[in-house]
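Listed below, chain by chain, are the residues.
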Amino acid sequence: MSTALPAAPFGRDVIESILPHRDPFLLIDEVLELDPGVRVAARRRVRADDWWFRGHFPERPVMPGVLIVEAMAQTGAVAVLVEEENRGKIAFFAGIDDCRFKRVVEPGDVLSLTCEIETVRGPIGRGRAEAYVGDELAARGRLTFAVER
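Calculation notes
- Residues numbered from 1 in each chain as written.
- Predicted model: local features only at pLDDT ≥ 70, side-chain atom pairs only at ≥ 80, totals over all residues.
- Heavy atoms only, no water.
- Pairing = 2+ DSSP bridges.
- Helix = DSSP H or I, 4+ residues; strand = E, 2+ residues; numbered from the N terminus.
- Contact = heavy atoms within 4.5 Å.
- Axes fitted to C-alpha atoms, helices over the stretch in contact; angles between N-to-C directions.
- Buried < 20%, exposed > 50% of the residue type's maximum accessible area, 1.4 Å probe, protein only.
- Expected span 1.5 Å × (residues − 1).
- Core = buried A, V, L, I, M, F, W, Y, C linked by side-chain atoms within 4.5 Å.

1. Some details on the sheet that holds strand β6 (residues 124-133)
Reasoning step 1: The seven strands lie next to each other as β1-β2-β3-β5-β6-β7-β4, forming an open sheet whose pairing is antiparallel. Single-partner strands in this sheet number two, and they are β1 (10-11) and β4 (91-101).
Reasoning step 2: Note that β6 and strand β7 (residues 136-147) share ten bridges and pair antiparallel. When the sheet's bridge partners are listed, A131 is paired in β7 with A139.
Reasoning step 3: Packing of helix α2 (residues 65-81) onto the sheet brings it into contact with β2 (30-35), β3 (39-45), β4, β5 (110-121), β6 and β7, and relative to β5 it is tilted by some 55°.

2. Re the side chain of N86
Reasoning step 1: Turning to its location among the elements, N86 is positioned in the loop between α2 and β4.
Reasoning step 2: Apart from residues no more than four positions distant in its own chain, N86 is found in contact with V80, L81 and V147.

3. Here we look at the environment of E33
Reasoning step 1: Tracing the backbone through its elements, the reader meets E33 in strand β2.
Reasoning step 2: By relative accessible area, which is 45% here, E33 ends up partly exposed.

4. What to know about α2
Reasoning step 1: For α2, with 17 residues, the first-to-last C-alpha span of 24 Å sits near the 24 Å given by 1.5 Å per residue.
Reasoning step 2: Counting buried residues along α2, 15 of its 17 residues qualify, which places the element largely inside the surrounding structure.

5. Focus on the pairing of β6
Reasoning step 1: Residue alternation in β6 divides its side chains into a buried set, G125, G127, A129, A131 and V133, and an unburied set, I124, R126, R128, E130 and Y132.
Reasoning step 2: Inspection of the sheet shows β5 paired to β6 by ten bridges, in the antiparallel sense. Looking across to β6, one finds that I117 is bridged to G127.
Reasoning step 3: Between the antiparallel neighbours β5 and β6 lie two residues, among them G122 with a positive phi of about 65°.
Reasoning step 4: In sequence, β6 turns back onto β7 through a hairpin of two residues, with G134 there showing a positive phi of about 60°.

6. A word on the nonpolar core
Reasoning step 1: Residues I18, L19, I28, M63, M72, V105 and L111 are the most contacted members of the largest nonpolar core, which totals 42 residues.
Reasoning step 2: The set of elements that each furnish at least two residues to this core consists of α1 (12-18), β3, α2, β4, β5, β6 and β7.
Reasoning step 3: Broken down by element, the residue count for this core peaks at eleven residues, all from α2.
Reasoning step 4: Discounting residues that sit within four places of it in the chain, L111 has contacts with A42, R43, R44, V46, M63, I68, V105, A131, Y132, V133 and A138.

7. Focus: unusual backbone geometry
Reasoning step 1: Following D23, the chain continues into P24 via a peptide bond in cis, with omega recorded as 5°.
Reasoning step 2: Residue placement: P24 occurs in the loop between α1 and β2.
Reasoning step 3: Cis rather than trans, the peptide bond between H56 and F57 has omega equal to -5°.
Reasoning step 4: When you line up the elements, F57 lands in the loop between β3 and α2.
Reasoning step 5: In this structure, D98 is a non-glycine residue whose phi angle is positive, near 55°.
Reasoning step 6: Within the secondary structure layout, D98 lies in strand β4.
Reasoning step 7: The exposure class assigned to D98 is partly exposed, which follows from its relative accessible area of 47%.

Below is the structure:
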């Protein structure tokens, strides 16, 4: 029997019922829009006490690019794992293409994340993801994922 998830917007409690990620590695705070299997929009409030800032960089705190990419991947995973056939599974990050970083992300920024699922063939899919701070593009890339069987 399926259990219906609340409609977007929703916070970390619902996100944790979809994604297997937990603190300190859950990198999205809320899902703002969700069209299962098609598109998702999420948000991360970048806080001065986020664990990575102690070492990246103490004198000039910057969110690592790999964590921005991971936040984009987690956003896309919500659109895939919310689908009935994928509930309770893990979407493994299988690749990224055409990744570009356009803006530094700092404490106090709000990272707006989107992912549009482009193709799915069996357990393998691709999505186009973007991360913005305000109206400025921070990062973009094409993500490949594999849903466990």
